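Overview (structure and organization)
Below are the chains, spelled out letter by letter.
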Amino acid sequence: MKREDYPQIDYYSMTKEEWDSIFAMIPWLEKIEKISPEEMYTDHGGTRTRPLKYVEYKSASVQLIGRLFKLLKPFDWANWDEGIKILKDQSFTGLNLETIAKLLTIILYYKESTGELSPFGIHCQAHDLEDGRVLKLLKELKIIIHQELKNECEKYQAYYPQDSEFARYGRLLQSKWRKKNGYPIGKSHRGSILGNYISADYAKNEKVNFLTENIRNLVVKELDNSKKSKALIREDRMWCNLLSSQPLCFNLFGELCFNLELATFFFKTLFPERVNEVTSVLFEYSPCRGDDNFTGDHSAFDVFIEYISNEGKNGFIGIEVKYAETLKEGADKVDAIFQKHEKEYLRITDFQTADVFKQESLENIKKSPLFQIWRDHLLSISLLKNNLYEEGFFVFLFPKANEECYQGVQQYTEQLTFPYKFQEEKTGFYWRFLDDFIEALDGLVNQHWTKELKERYLGK
C-alpha cells in the first residue's frame, strides 16, 4: 500500500464490541482531565513520584492505541494541508469518519517531528492526550458512528426510538438476517412494521425463526406442553419476533436435547470443574412452579440442565438468557410481586447467616433492575435447600455488548457476601457472556447452523 493511500473505512469495518471499547475511553479521558496537575503518584516502593495526571494519561495511551489500531493506517500526512489546518484550529465538528481516522493517525501513530512511524509498535505517548484533541475527536467519532447505526436501522426498517444502544444493534442484526433470507416483514404486537418481525402466517407455517428442523420440532412440542404446565412461553414472540430471547434459547441450546454427548462436551468445556455428564436439557422449566416451599411464584429457568458432577453428584444449571433486554422490563410490577412473595423470598435469602447475601442488600435487590436476577438466583438456591439436587448453580447469560445487563450483574454481585468471580461457587451465581457460549458451540459443531447463530446474534 502506498503511503499516500488511505483505505476507506465504514461502520462495518469493526464490530460493535470494538467500537464500544473505543468509546469507553471517553469517560476515562474526561476523568483524567479533571485531575489536578499538582496531584502526585508514588510507585516503585516509594522511590519514584510523578504527576498522577501523567500516570493516568500514560495508562490510557497504552489502552487507546490497541483499541484504535484498525483505524490507524500509514499515509502521507505531511502533505495533507487540510488536515494539518484542522488539527491546528481544532475545528472537529462535522467531520466524516475517514477524516477523523486520519487525524487520529497523525496524533497517535506518527512522530510528528519526522513524519515516520514509531518503531516496534510504540506509537502513542502520554503527552499525545494532554491537549484534549484526542478526546474531542473521539466524541465526534461517537456521534458519527451512532448516526451510521441509525441510518442503517432506517434502511432495514429497524429503527425504534425507545431502543437501548444494544437493542438497536440487535434489532438491526435480526432485520438484516431476515432480509438476507427473504422472509416477509411483519408487525409488532402494537402494529408497528419493524424489520425484526416476520409476517405472522408465514412465520408460524414455515417456522423460520429457528435454525434447524430438530429445533423447530422441539419448539412445537414445548409450546404444546406449555399449555399443560402453564409455562410462560409467548407463542407470538416465538414464531414472529427475531429479537426475542426465547427463540434464542432454543437456537442456542435446542440441538443439545437431541445429542446429550454434544451437550456433555459443551458444558464440560464451559464448566470443567463442575460437569462430568449432562443427562437432560429442558426449557422454561421449574420443578416447583408456584410451590410455597420454594419461591412461591411462577419463576422458571429459560434453560435447565441436569448433570452428573465430577464427584458423581446429581447437579443442575439453571440458565436465564438475555439478549436485548435492559433488566428494567416489568419494573412497574416489581413491588407487587415482592409483597406477594416476601415471606418466601426472605426465608430463602436468609440474610441473618449472610451465607450468600450481605445483610444490608435487601433494599437494592428487591428493586429493578436487580429484582429479576434475585428471583432466579433464589429459585436455584431453593432447589438445593429442598434437597432436590446435591449441587447446582444459576447462570445469568447475556451479550458482552449489552451494557445494561453488564451493569446489572456488577451491581448484583456487590450485594453478595462473596462478590468476586473466583468465589462464584460459594454463592452459586455465575454470570457469563452469550458470545462465549455461541463461540464454544460453533467450535464443537462447526456447521452451517452454528455459523448462522454467530452471524444472527453476534454479527460475526
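Before reading on, note that the structure itself is shown above.
Below, the structure is looked at part by part. What you see is a predicted model; the values in this text were computed from it and never measured.

**Remarks on the sheet that holds strand 8 (residues 301–309)**
An order of 7-8-9-10-11 is seen for the five strands of this open sheet, with the pairing classed as mixed. Each edge of the open sheet carries a strand with a single partner, namely strand 7 (275–285) and strand 11 (429–433). Averaged over all pairs of adjacent strands, the angle between their axes in this sheet comes to 25°, without regard to strand direction. Across eight bridges, strand 7 lies against strand 8 in antiparallel orientation. Within strand 8, the residue paired with Leu-282 across the bridge is Phe-304. Against the sheet, helix 16 (residues 371–385) contacts strand 8, strand 9 (314–321), strand 10 (391–398) and strand 11, and its axis sits at roughly 160° relative to strand 10. Along the sheet face, helix 17 (residues 403–413) touches strand 10 and strand 11 and points at about 160° away from the line of strand 11.

**Examining the packing of aromatic side chains**
Tallied over the entire structure, the rule returns 41 aromatic pairs. The interplanar angle of 15° and the centroid separation of 6.0 Å between the aromatic rings of Trp-19 and Phe-23 together place this pair among those described as stacked. With a gap of four residues between them, Trp-19 and Phe-23 both fall in helix 1 (residues 16–23), about one helical turn apart. Judged by its relative accessible area of 1%, Trp-19 falls in the buried class. Of the residues examined, Phe-23 reaches a relative accessible area of 7% and is grouped as buried. Site record: aromatic cluster; members linked through ring pairs are Tyr-285, Phe-301, Phe-304, Phe-316, Phe-351, Phe-357, Tyr-389, Phe-394, Tyr-412 and Phe-429. For Lys-421, the ring lying beneath its charged end belongs to Trp-431, and the centroid distance is 4.0 Å. When the ring centre of Trp-177 is taken as origin, the NZ or CZ atom of Arg-456, which lies over that ring, is 4.5 Å away.

Rules used in this analysis
Residue numbering note: each chain is counted from 1, following its sequence as written. Note on the predicted model: pLDDT of at least 70 is required for a residue's local features to be given, and 80 or more for side-chain atom pairs to be given and counted; whole-chain, interface and lining totals, by contrast, use all residues. The side-chain numbers reported here are obtained from all heavy atoms of the structure, hydrogens and water having been left aside. When DSSP finds two or more bridges between a pair of strands, those strands are recorded as paired. Numbered from the N terminus, helices here are DSSP runs of H or I no shorter than four residues, and strands are runs of E no shorter than two. Each axis is a line fitted through C-alpha atoms, and for a helix only the stretch in contact is used; angles between axes span 0 to 180 degrees, taken between their N-to-C directions. Here, two residues are considered to be in contact whenever any of their heavy atoms come within 4.5 Å of each other. Pairs were defined over the aromatic rings of Phe, Tyr and Trp, the Trp ring being its six-membered one, requiring ring centres within 6.5 Å. Orientation was assigned from the angle between planes: stacked under 30 degrees, edge-to-face over 60, tilted for the rest. Here the term buried applies to any residue with accessible area under 20% of the maximum for its type, exposed to any over 50%, and partly exposed to those in between, with areas from a 1.4 Å probe on protein chains only. Counted as over-ring charges are cases with an Arg CZ or a Lys NZ within 6 Å of the ring centre that also lie within 35 degrees of the ring normal.

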